[in-house]
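Residue-level structural notes
Okay, here's what each chain looks like letter by letter:
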Amino acid sequence: MHSIENQIVDSSFSAIINAPIEHVDIPAWCFALPEKEYQQCSPAHIAAGFTTAPDGTRMSINVETIGGSLMVQHYIETLGEKHHLVLDSDSDVFTPTGRVTIHVTWELSVKRIDAQRCEFTNRVRSYATDEMMAFLDRQGIPFEVFRTQRQPMSIAHNKGETPLFAASIERAALRNASSIKAA
C-alpha cells in the first residue's frame, strides 16, 4: 500500500534542542502536548488531543489545514522509544470535492550533538491510499499533477513547524531536568 509509486511527499527538517539528550522523551512530549502549545507550533494547527486505538495503543489526534484542505490525523504509535517516535495515520482530508483518506507516517527523532545539545529531526511521509487514487481518477486529476501541487505545501508546513516543535521539546526536556534536580 505504501510504495514509492504512491508517495506524495517525503519531507525532513532538523533543528537544535539546547538540552541534554538524557532529558528528552519524545513520546512523553507528544502524548502530553497541550493543545495551545500544538497550535503555537504552526498557524495551520487547529486542535490536538490524545486517545487510544481499540487495541490500547496510544494515539495522537491532530487537526490542521494544509494547502487549504482540513486534515484530521489519527496518529497511532508504531514505534515508541525515548528518542525515536513513529506514528502512522490514515488521515481524513476534507477537500472542496469531498472527503478522502491519505496515509501519513510522522517520524520524530533526536540524536546527541554534545553533552548539552541534540538534533531533532521531523520527517513526514505521505502516501495516496487506494481510495485517494480512485478519488483523483473520478475527477480526472493525474496523480503526478496532484503530487506536484501538494509537495510544496506539505514541505513548507514541515519546515515551519520543525523549529517550533524542537523548542517545545526543549522546554519539556528542561522541565524534566528541573524536576529530576528537585527530587
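This text follows the structure it describes.
What you see as residue numbers is a count from 1 along each chain, following the sequence as written. Local features in this predicted model are restricted to residues of pLDDT 70 or higher, and side-chain atom pairs are both shown and tallied only at a pLDDT of 80 or more, whereas totals for entire chains, interfaces and linings draw on every residue. Here the side-chain values reflect all heavy atoms present in the structure, with hydrogen atoms and water set aside.

With that out of the way, let us pick up the sheet that holds strand β5 (residues 84-95). DSSP bridges decide pairing: two strands pair if at least two such bridges lie between them. Only runs of H or I of at least four residues qualify as helices and only runs of E of at least two qualify as strands under DSSP, and these elements are numbered from the N terminus. Taken in spatial order, the 7 strands line up as β1-β7-β6-β5-β4-β3-β2 in an open sheet, and their pairing is antiparallel. Across the chains shown, the open sheet's two edge strands, defined by having one partner strand only, are β1 (7-17) and β2 (45-52). Within this sheet the neighbouring strands show an average axis-to-axis angle of 20°, counted without direction. Here 10 bridges tie β1 to strand β7 (residues 117-128), and the two strands are oriented antiparallel to one another. The residue bridging S14 from the neighbouring strand is T121, located in β7. Axis definition: a line fit to C-alpha positions, over the contact stretch in the case of helices; interaxial angles, taken between N-to-C directions, run 0 to 180 degrees.

Let us now look at the packing of aromatic side chains. Only Phe, Tyr and Trp rings are paired, with Trp represented by its six-membered ring, and only when their centres lie within 6.5 Å; those with planes under 30 degrees apart are stacked, over 60 edge-to-face, the remainder tilted. As enumerated under the stated definition, the model contains 3 aromatic pairs in all. An angle of 75° between the planes, with centres 5.5 Å apart, marks the rings of W29 and F165 as edge-to-face. Of this pair, W29 sits in helix α1 (residues 26-30) while F165 sits in helix α4 (residues 143-182), and the two are 136 residues apart along the sequence. A ring pair is formed by W106 and F165, whose centres lie 5.7 Å apart and whose planes are at 40°; its orientation type is tilted. In this pair, W106 is assigned in strand β6 (residues 98-114) and F165 in helix α4, connecting sequence segments 59 residues apart. Classification of F165 by relative accessible area gives buried; the value is 1%. Exposure is judged per residue with a 1.4 Å probe applied to protein chains only, and the accessible area is read against the type maximum: over 50% gives exposed, under 20% gives buried, and values in between give partly exposed.

Here a disulfide denotes one covalent bond, and it connects the sulfur atoms of two cysteines. The criterion for a disulfide is a pair of cysteine sulfur atoms lying within 2.5 Å. This structure, assessed with the given rule, holds 0 disulfides. Free of any disulfide, C118 has its nearest neighbouring cysteine sulfur in C41, separated by 16 Å.

It is worth spelling out the environment of P142 at this point. Relative to the elements of secondary structure, P142 occurs in the loop between α3 (130-138) and α4. Between the C-alpha atoms of P142 and T129, which are 13 residues apart in sequence, the distance is 14 Å.

Turning our eyes to something else, we now look at the pattern of salt bridges. By salt bridge we mean one thing: a side-chain nitrogen of Lys or Arg within 4 Å of a carboxyl oxygen of Asp or Glu. Taken as a whole and judged by the stated rule, the model has 10 salt bridges. With a closest N to O distance of 3.3 Å, D92 and R99 form a salt bridge. Residue classification places D92 among the buried positions, given a relative accessible area of 10%. A salt bridge links E107 to R123, with the nearest nitrogen and oxygen atoms 3.9 Å apart. Placement of the pair is E107 in strand β6 and R123 in strand β7, with a sequence separation of 16 residues. Its relative accessible area of 16% is what places E107 among the buried residues.

Before going further, it helps to examine the environment of D90. Relative to the elements of secondary structure, D90 occurs in strand β5. Residue D90 is classed as partly exposed on the basis of its relative accessible area of 42%. Considering only alpha carbons, one finds D90 and T105, 15 residues apart in sequence, at a separation of 9.0 Å.

Here we take up a nonpolar patch on the surface. Grouping into patches uses exposed residues only, defined as over 30% relative accessible area, and leaves out salt-bridged ones; the cut-off is 9 Å for like charges and 5 Å for nonpolar side chains (Val, Leu, Ile, Met, Phe, Trp, Tyr). Method for areas: the Shrake-Rupley scheme with a 1.4 Å probe, in which residue coverage is limited to the protein chains shown. A cluster of nonpolar side chains, I46, L70 and F94, forms an exposed patch at the surface whose accessible area comes to about 220 Å². Following the sequence through the fold, L70 ends up in strand β4 (residues 69-81).

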